[in-house]
Amino acid sequence: MSQQPPVRSTTAHPPRPDASMSLLTNVMDHSLDDGYAEAAARKTAAGEGGLPRTLRAKLGLAAGLVLAALVVTVGAAQARVAAPVVAKEREELIDRIGRETDAADELEESVEALRDDVGARQREALKDSGGGDQGELVSLLSGAVEVHGPGVKLIVDDAEETAEGGDGDPRGTSGFSDTGRVRDRDLQRVVNGLWESGAEAISINGQRLTALSAIRAAGDAILVDNRPLVPPYTVLAVGDGKQLSTRFQDSADGLYLHVLQENYGIRTALSVEEDLRLPAAPSLIVRTAQPRTETAQPQAEKGTS
């Protein structure tokens, strides 16, 4: 009988309890990647051979503050150096403006004196030309001479409280956004109404009106013969005081002024005066014409053959 080979024991060892957790074990054992570990090692080596990170940050901040302080100091020094130069230039400019203003005032006074001289010479020339009473009448009506006599005094002023900006009203147009302002056309109607009511001579704020006078607006200013006027506007009219006052108030222009007073608050005051004095108009040239007595020659006789 053949002998059977011995049977080996095939009993396997039981598996480790953590055999299924090999991935977690590997992660725990090697939590830091090799690349990160190498970078950390380099930083550590650099820190050991150089300055600590905190100290380097403090030194960098200090350097930045020193640089900023240096810039501010240099700027302040330059400003102190330039300040006297700017102040000197400003003083020189102020002095120059003052000198030019004084020179302009002197020239204006000289112009006024020359105008008065020219007016006086014109009046003398009119007298010497044989104009007589007619020449004096022409000079009076044209404003070439001063006049005085009874008449009316009319003061026209803006409303007490004038609002800024127009509100769509026809009076709130260009140059006069405030409806409570006296406009150039208001003064035009006042002057025309006084002429129509019998005024013989009129002036506004000392500016004598003539047949060539113009009342216009430039922005918010009213110009009379290109001279700006400021409110209140004092209108003097020489004539029969009581009759002139009554006629003007009853005229269409007087009623127009009353409407301005009632609707827009424009202030007016009319009074009868016993003696008003109006200046002569500046730089006025008066010319008179004489009738031609000789018979004009026919055009054919004037020619040459």
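What counts and what doesn't
- Residues numbered from 1 in each chain as written.
- Predicted model: local features only at pLDDT ≥ 70, side-chain atom pairs only at ≥ 80, totals over all residues.
- Heavy atoms only, no water.
- Pairing = 2+ DSSP bridges.
- Helix = DSSP H or I, 4+ residues; strand = E, 2+ residues; numbered from the N terminus.
- Axes fitted to C-alpha atoms, helices over the stretch in contact; angles between N-to-C directions.
- Left-handed = near helix turned anticlockwise from the far one by under 90°.
- Contact = heavy atoms within 4.5 Å.
- Nonpolar A, V, L, I, M, F, W, Y, C, P; charged D, E, K, R; others polar.
- Phe/Tyr/Trp six-rings, centres within 6.5 Å; stacked < 30°, edge-to-face > 60°.
- Lys NZ or Arg CZ within 6 Å of the ring centre and 35° of its normal.

Visitor: For this particular structure, what's the right way to read the sheet that holds strand β6 (residues 227-229)?
Guide: Note: strands within a sheet are paired through backbone hydrogen bonds, in either parallel or antiparallel orientation. Read across the sheet, three strands follow the order β4-β5-β6 without closing on themselves; strand pairing throughout is antiparallel. The open sheet terminates on both sides in strands that have one partner only, identified here as β4 (215-218) and β6. Pairwise comparison of adjacent strand axes, ignoring direction, gives a mean angle of 40° for this sheet. Note that strand β5 (residues 221-224) and β6 share three bridges and pair antiparallel.

Visitor: Please clarify how the packing of helix α5 (residues 184-196) against helix α7 (residues 252-264) should be interpreted in this entry.
Guide: What describes two packed helices is the angle between their axes and the distance between those same axes. Contact geometry for α5 and α7: axes closest at 8 Å, N-to-C directions at 145°. The crossing of α5 and α7 is left-handed. When α5 is examined against α7, the residues Arg185, Asp186, Arg189, Val190, Asn192, Gly193 and Glu196 are found in contact with a partner set consisting of Ala252, Asp253, Tyr256, Leu257 and Leu260. Residues of the contact of α5 with α7, tallied by class, amount to five nonpolar, two polar and five charged.

Visitor: Whenever I open this one, the packing of aromatic side chains confuses me. Can you help?
Guide: Each aromatic ring pair is summarised here by two numbers: the centre-to-centre distance and the angle between the ring planes. Here the structure, examined in full by the defined rule, presents zero aromatic pairs. One Lys or Arg, Arg189, reaches over the ring of Tyr256 and ends 4.2 Å from the middle of that ring.

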